[in-house]
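Tertiary structure, described
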Amino acid sequence: KAGAQDAETPQWMEQASAVLGSMMQMRDARNYFNEPVDAEALELKDYHEVITKPMDLGTVAEQLQAGGYDGLRGFVADVRLVFENAMLYNPQKHAVHKAAQQLLERFNKKVKPLELSEIAANGGGHQEEEEEEETPTVAQGG
């Protein structure tokens, strides 16, 4: 049964899941980012005014598992949003801000190979650019 699931799971999804799993195991992620911010319990009265789209790694993991992302781009955007929200809400010298900054840097390093392989798999660029490049090549040949 697991083998049949693996065959149906896109490669980017398996790789994204591995990256996310390793990020969620990090101490700072477990302390701050694996669950939604409970603004009421933490008495963060302005949290939802400042943070208009809350996101946490646990929610990303659930969406990834449920097939809620069409591709790598949406997954990456949501993980980055987790850390960007924390840096936006917390002052630079705050432990949560510093942790978010460090984890974002780690995530960007871990996900870069996935982004590069996806770019390569999709022809290396935008379709519009490819179409524009074809026209001058034909004109030069004649």
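These numbers come from a predicted model, not from an experiment.

This next bit is on the pattern of salt bridges. What the rule picks out here adds up to three salt bridges. Measuring nitrogen to oxygen at the nearest pair gives 4.0 Å for the salt bridge that ties Asp28 to Arg27.

Further remarks concern the packing of helix 2 (residues 11–25) against helix 6 (residues 72–89). Across the interface, helix 2 lies against helix 6 with an axial gap of 10 Å and an inter-helix angle of 15°. Accordingly, the angle class assigned to the pair helix 2 and helix 6 is roughly parallel. Crossing geometry of helix 2 relative to helix 6 is assigned as right-handed. The residues of helix 6 that touch helix 2, namely those facing Trp12, Ala16, Leu20 and Met23, are Leu72, Phe75, Val79 and Phe83. Considered class by class, the residues forming the contact of helix 2 with helix 6 number eight nonpolar, no polar and no charged.

Let's shift gears to helix 6. Along its 18 residues, helix 6 runs 26 Å from first to last C-alpha, staying within 8% of the 26 Å computed at 1.5 Å per residue. Among the residues of helix 6, Leu72, Phe75, Val76, Asp78, Val79, Leu81, Val82, Phe83, Asn85, Ala86, Met87 and Tyr89 are the ones counted as buried. Looking at the buried side of helix 6, the elements it contacts are helix 2, helix 3 (27–33), helix 4 (47–50), helix 5 (57–65) and helix 7 (95–121).

This next bit is on helix 7. Compared with an ideal rise of 1.5 Å per residue, which puts 27 residues at 39 Å, helix 7 spans 39 Å between its outermost C-alpha atoms and is within 8% of the ideal. Largest kink in helix 7: about 40°, centred on Val111, with the proline Pro113 one to four residues after it. Contact partners of the buried residues in helix 7: helix 2, helix 3 and helix 6. Positive phi appears at Gly123, one or two residues downstream of helix 7, with a value of about 90°.

With that out of the way, let us pick up the nonpolar core. Formed by 32 residues in total, the largest nonpolar core has its most connected members in Phe33, Leu57, Phe75, Phe83 and Phe107. Those residues in contact with Phe83, other than ones at most four positions away along the chain, are Met23, Phe33, Leu57, Ala100, Leu103, Leu104 and Phe107.

Time to look at the packing of aromatic side chains. Tallying each qualifying case throughout the model produces five aromatic pairs. Residues Phe75 and Phe107 carry aromatic rings whose centres are separated by 6.1 Å and whose planes lie at 65° to one another, so their mutual orientation is edge-to-face. Pair noted here: Phe75 is in helix 6 and Phe107 is in helix 7, with a separation of 32 residues, a long-range link. A relative accessible area of 0% means that Phe75 is categorised as buried. Ring pairing ties together the aromatic residues Tyr32, Phe33 and Phe83, which thus form one cluster.

Rules used in this analysis
- Residues numbered from 1 in each chain as written.
- Predicted model: local features only at pLDDT ≥ 70, side-chain atom pairs only at ≥ 80, totals over all residues.
- Heavy atoms only, no water.
- Salt bridge = Lys/Arg side-chain N within 4 Å of Asp/Glu carboxyl O.
- Axes fitted to C-alpha atoms, helices over the stretch in contact; angles between N-to-C directions.
- Helix = DSSP H or I, 4+ residues; strand = E, 2+ residues; numbered from the N terminus.
- Parallel < 35°, antiparallel > 145°, perpendicular 65-115°, else oblique.
- Left-handed = near helix turned anticlockwise from the far one by under 90°.
- Contact = heavy atoms within 4.5 Å.
- Nonpolar A, V, L, I, M, F, W, Y, C, P; charged D, E, K, R; others polar.
- Expected span 1.5 Å × (residues − 1).
- Buried < 20%, exposed > 50% of the residue type's maximum accessible area, 1.4 Å probe, protein only.
- Bend = angle between axes of the 7 residues up to and from the residue.
- Core = buried A, V, L, I, M, F, W, Y, C linked by side-chain atoms within 4.5 Å.
- Phe/Tyr/Trp six-rings, centres within 6.5 Å; stacked < 30°, edge-to-face > 60°.

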